[in-house]
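Geometric and topological summary
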Amino acid sequence: MKTEAARKRLLNTEALLEEVDTDSNCFPELVGKGEYSVKFLILFAKFIMMQEKANKKDTCMFRNLLEKLKAHKDIFTIVRTATHGKKYA
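The following paragraphs examine the structure supplied in this document. As the structure is a prediction and not an experimental result, all values here were calculated from the model. (Residues numbered from 1 in each chain as written. Predicted model: local features only at pLDDT ≥ 70, side-chain atom pairs only at ≥ 80, totals over all residues. Heavy atoms only, no water.)

1. Observations regarding the overall build of the chain
Of regular secondary structure, the chain possesses five helices and zero strands. Order of helices (α) and strands (β) in the chain, N terminus to C terminus: α-α-α-α-α. The proportion of buried residues among the 89 residues of the chain is 24%. Put simply, 30% of the contacts in the chain that link residues at least 6 apart link residues at least 24 apart. Split by element, the accessible area of the chain, about 6,900 Å² in all, is 59% carbon and sulfur. (Helix = DSSP H or I, 4+ residues; strand = E, 2+ residues; numbered from the N terminus. Buried < 20%, exposed > 50% of the residue type's maximum accessible area, 1.4 Å probe, protein only. Contact = heavy atoms within 4.5 Å. Areas by Shrake-Rupley, 256 points an atom, 1.4 Å probe, with all protein chains shown as cover.)

Pasting the structure below:
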């Protein structure tokens, strides 16, 4: 993180959950569809983006994760990619 204020803002769970609620309202047609809720997917993406931001600059885990999701990989592969980054890309 560049500043302590940015770090605190990023780690504010109440603000994060409010943001997820607001963002999920943009996708009412997806409520009740699919294996995972829209809120879960948004929160999951935000966590991955946070981790990517905190990692080394040459990492590309989030891109690899999106590629796995686009290819309709199984949940084990997606979670493994999200938690181990390049190693399983």
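2. A word on the packing of helix 4 (residues 61-70) against helix 5 (residues 75-84)
Here helix 4 crosses helix 5 at 175°, and the two axes come no closer than 9 Å. Our classification of the angle between helix 4 and helix 5 gives roughly antiparallel. Residues Met61, Asn64, Leu65, Lys68 and Leu69 of helix 4 form the contact with helix 5, whose participating residues are Thr77, Ile78, Thr81, Ala82 and Thr83. In the contact of helix 4 with helix 5, the residues fall into five nonpolar, four polar and one charged. (Axes fitted to C-alpha atoms, helices over the stretch in contact; angles between N-to-C directions. Parallel < 35°, antiparallel > 145°, perpendicular 65-115°, else oblique. Nonpolar A, V, L, I, M, F, W, Y, C, P; charged D, E, K, R; others polar.)

3. Thoughts on helix 2 (residues 13-24)
Its twelve residues give helix 2 an end-to-end C-alpha distance of 16 Å, which sits within 8% of 16 Å, the value for a rise of 1.5 Å per residue. Turning to helix 2, its buried residues number three or more, namely Leu16, Val20 and Ser24. Angularly, the buried residues of helix 2 cover 65° about the axis, an arc narrow enough to put them on a single face. Exposed side of helix 2, more than 90 degrees from the buried face: Glu14 and Glu18 are the residues found there. (Expected span 1.5 Å × (residues − 1). Arc of directions from axis to C-beta.)

4. Remarks on the nonpolar core
Among the nonpolar cores identified, the biggest contains six residues, and these are Ile48, Met61, Phe62, Leu65, Ile78 and Ala82. Sorting the residues of this core by element identifies helix 4 and helix 5 as the ones contributing at least two each. Here the element with the most residues in this core is helix 4; it accounts for three residues. Isoleucine 78 has contacts with Phe44, Leu65, Lys68, Leu69 and Lys73, leaving out every residue within four places of it along the chain. (Core = buried A, V, L, I, M, F, W, Y, C linked by side-chain atoms within 4.5 Å.)

5. Focus on unusual backbone geometry
Its identity is not glycine, yet histidine 72 carries a phi of approximately 60°, on the positive side. Residue placement: histidine 72 occurs in the loop between helix 4 and helix 5.

In short, geometric facts, not functional conclusions.
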